[in-house]
Amino acid sequence: MASGENQPGLLAGCNAGRCTAEVLAAAQPYFDKYRGFAVAADQIDLAAAHPKVAFCDRKTLAQQKICCQLLGRCTFGLPRAHQTATIRDMENALYVVATPIGNLGDISLRALETLRGVDLVACEDTRHARQLLDHHGIKVPMLALHQHNENEAAAKLVRLLGEGQSVALVSDAGTPGVSDPGARTVAAVRAAGFRVIPLPGPSAAITAMSAAGLADARFLFVGFLPAKVGARKTAILELAAVDAALVFYEAPHRVTETVTDLVELLEPQREIVIARELTKMFEQIERIPLGEASAWLAADPNRQRGEFVLVVSAPPAREGLDAESERVLAALLTELPVKQAAKLAAEITGQPKNALYARALQLKDA
Ligand code: SAM
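Just so you know, these numbers come straight off a predicted model, no measurement behind them.

Thresholds applied
Starting from 1, residues in each chain are numbered consecutively following that chain's sequence as written. A pLDDT threshold of at least 70 governs which residues receive local features in this predicted model, and a stricter bar of 80 or more applies before side-chain atom pairs are shown or counted, although totals over entire chains, interfaces and linings include all residues. A residue counts as near a molecule or strand when its C-beta atom, positioned from the backbone, falls within 6 Å of it. Helix and strand definitions follow DSSP, with helices as H or I runs of at least four residues and strands as E runs of at least two, each counted in order from the N terminus. Charged residues are taken to be Asp, Glu, Lys and Arg, nonpolar residues to be Ala, Val, Leu, Ile, Met, Phe, Trp, Tyr, Cys and Pro, and polar residues to be all remaining types, Gly included. Bear in mind that the domain bounds are from an automatic or database domain assignment. Residues with at least 20 neighbouring C-beta atoms inside 10 Å of their own are called buried, those with 12 or fewer are called exposed, and the rest are partly exposed, where every C-beta is derived from the backbone. By arc we mean the arc of the directions from the helix axis to the C-beta atoms, nothing more. Contact between two residues is assigned whenever their backbone-derived C-beta positions fall within 7 Å. pLDDT expresses, on a scale from 0 to 100, how confident the predictor is about each individual residue. Structural elements are reduced to axes, namely lines fitted to C-alpha atoms, with helices fitted over the stretch in contact, and the angle between N-to-C directions of any two is expressed from 0 to 180 degrees. When describing relative orientation, an angle under 35 degrees is termed roughly parallel and one over 145 degrees roughly antiparallel, while 65 to 115 degrees is termed roughly perpendicular and anything else oblique. We call a crossing left-handed when the near helix sits turned anticlockwise from the far one by less than a right angle, and right-handed when that turn is clockwise.

**Remarks on the site of the ligand**
Step number 1: Looking at the ligand, there are 24 residues lining it, with Gly174, Ser203, Ala204, Tyr249 and Leu278 nearest.
Step number 2: Secondary structure elements with two or more residues in the shell around the ligand: helix 7 (204-212), strand 11 (245-250), strand 12 (271-276) and strand 14 (308-312).
Step number 3: For the shell around the ligand, the per-class residue count stands at 11 nonpolar, seven polar and six charged.
Step number 4: For the shell around the ligand, the two domains that each supply at least three residues are domain 2 (93-201) and domain 3 (205-312).

This is the structure we're talking about:
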């Protein structure tokens, strides 16, 4: 029952003074899956609603600026997304939501609000995501989206977005698309013309970098190295001359092998930050010379347990240019004047422009 004599009179043709059941029955044909209204206790909450009825039509919410407080139980027709204290205006979009890498407290307010508000959460492992959602009392339909079904799942998300729904994408931990599924989904959603809204939050690489304290101006996120020894060593050799700190992800069963290869193939005066179990109970962040890393890991079996980020500092400053910069500069000088060749070589190789310019002059004069 609408309360008070002065309440607006009509709801979808019904007199608001009649009983709630009649109002609901008469209103039902006017409500599709995107619409509902708030019925709390025996009152239709007209006071907070605008205009007279608390419609929550996704397509018109933005214009109507409805934000209606629900005072209690919802009787029918109210989309799940709106069964919260406040009706949110969820845009018809894919929300890419970062989630904690260990400590559940690291979820953002915006991530919680979004997970609560969307129609569907696409997640790498539904059991895993369930734990996070249950922890925060969020009930929302889920869809498995992992590396083995990403294309089909992405196509389904695009269909749902086409029906006006809002969807969140989460991975098991951290930021989707960072060494995790998500990139193909985002590409498909964007190609279909829908908005992708990123919600920043935890990522193991950035968390490790923030505690590494390395002075290097740049870092290269490598992620996982190849599992096979030969391919892993080749990858490390290709990275050896990169003038930046290197950030690797590694699993506990491979960390010893990987660290052994890094020690063997990179300069021993480089430093390594071994960051394990970040944000968790047994978090450990150790910064040591690379040459000491194998011995440090071997000293205690616990040091080989858990999840790892390995950060290796940039190579020591070299006298002169490395072979790759020499090659690039020489090639550019065959076509360009000294200044332009040096500028372009600096952009390509990341080496200092003045060093390249000096070397270009030498090569021109030779
Ligand atoms: N999407 C995630 C992110 O944004 O960081 C990464 C997912 S990737 C499949 C998992 C890897 O991330 C682990 O093998 C480990 O290398 C790293 N990682 C994840 N959580 C971590 C933690 N709490 N401490 C250290 N490394 C972690």
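**Description of helix 4 (residues 126-135)**
Step number 1: Taken residue by residue, helix 4 has Ala129, Leu132 and Leu133 as its buried positions. Projection of helix 4 onto a plane perpendicular to its axis shows the buried side chains occupying an angular sector of 95°, all on one side. Those residues of helix 4 that are exposed and angled more than 90 degrees off the buried face are Arg127, Gln131, Asp134 and His135.
Step number 2: Against the buried residues of helix 4 lie helix 3 (109-117), strand 6 (120-123), strand 7 (142-144) and strand 8 (167-170).
Step number 3: Phi turns positive one or two residues past the end of helix 4, at glycine 137, with a value near 65°.

**A word on unusual backbone geometry**
Step number 1: You will see that serine 179, though not glycine, has its phi angle at about 50°, which is positive.
Step number 2: Tracing the chain through its elements places serine 179 in the loop between strand 8 and helix 6 (183-191).
Step number 3: Positive phi is not limited to glycine here, since threonine 279 has a value of about 70°.
Step number 4: Its location among the elements puts threonine 279 in the loop between strand 12 and strand 13 (284-289).
Step number 5: Judged by local crowding, threonine 279 falls into the partly exposed class, with 16 C-beta atoms found within 10 Å.

**Brief notes about the confidence of the model for the protein**
Step number 1: Averaged over the protein, the pLDDT score is 82; the fraction of residues at 70 or greater is 75%.
Step number 2: For the stretch residues 1-18, pLDDT sits under 50, and the model shows 37 contacts to residues farther than four places along the chain or on other chains.
Step number 3: The low-confidence segment residues 39-87, where pLDDT is below 50, has 94 contacts with residues more than four positions distant or belonging to other chains.

**Focus: the packing of helix 11 (residues 323-333) against helix 13 (residues 353-365)**
Step number 1: Closest axis-to-axis distance for the helix 11/helix 13 pair is 10 Å, and the angle between their directions is 55°. With respect to their mutual orientation, helix 11 and helix 13 come out oblique. When the axes of helix 11 and helix 13 are compared, the crossing they make is right-handed. On helix 13, the residues touching Ser325, Leu329, Ala330 and Leu333 of helix 11 are Leu356, Arg359, Ala360, Leu363 and Lys364.
Step number 2: Among the residues making up the contact of helix 11 with helix 13, the classes are represented as six nonpolar, one polar and two charged.

**A few points about helix 3**
Step number 1: Within the sequence span of helix 3, burial applies to Ala111, Thr114, Leu115, Arg116 and Gly117.
Step number 2: On the buried face of helix 3, the contacting elements are strand 5 (93-97), strand 6, helix 4, strand 8 and strand 9 (195-199).

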